[in-house]
Amino acid sequence: MPAILGNVIVTAALIAVVALAVRSLWKSRKSGGGCNGDCGNCHSCH
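Criteria and thresholds
Residues numbered from 1 in each chain as written. Predicted model: local features only at pLDDT ≥ 70, side-chain atom pairs only at ≥ 80, totals over all residues. Heavy atoms only, no water. Helix = DSSP H or I, 4+ residues; strand = E, 2+ residues; numbered from the N terminus. Buried < 20%, exposed > 50% of the residue type's maximum accessible area, 1.4 Å probe, protein only. Patch = residues over 30% accessible without salt bridge, like charges linked within 9 Å, V, L, I, M, F, W, Y side chains within 5 Å. Areas by Shrake-Rupley, 256 points an atom, 1.4 Å probe, with all protein chains shown as cover. Salt bridge = Lys/Arg side-chain N within 4 Å of Asp/Glu carboxyl O. Expected span 1.5 Å × (residues − 1).

Student: What is the right way to read the overall build of the protein chain from this model?
Tutor: On a plain count of helices and strands, the protein chain comes out with one helix and zero strands. Across the 46 residues that make up the protein chain, the buried fraction comes to 2%.

Student: Please clarify how a nonpolar patch on the surface should be interpreted in this entry.
Tutor: Taken together, the side chains of M1, I4 and V8 present a nonpolar region at the surface, about 360 Å² in accessible area. Along the chain, V8 turns up in helix α1 (residues 2-30).

Student: Looking at this model, I keep getting lost on α1. Mind explaining?
Tutor: Since the α-helix turns once every 3.6 residues, residues separated by three or four places project in the same direction. Helix length check: α1, at 29 residues, gives a terminal C-alpha distance of 42 Å against a target of 42 Å (1.5 Å per residue), a fit within 8%. Taken across its 29 residues, α1 has zero buried, putting it largely on the surface.

Structure (structure tokens):
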């Protein structure tokens, strides 16, 4: 039983991390952040 509980906890933690990463990318995309391939208009390109 403890092995199953450990797997559930690890899986839930991984799902939470992935969800937070996707949420961060989504918010960045909605606010106009990120590179769209046009480096003339992108301030973060070198």
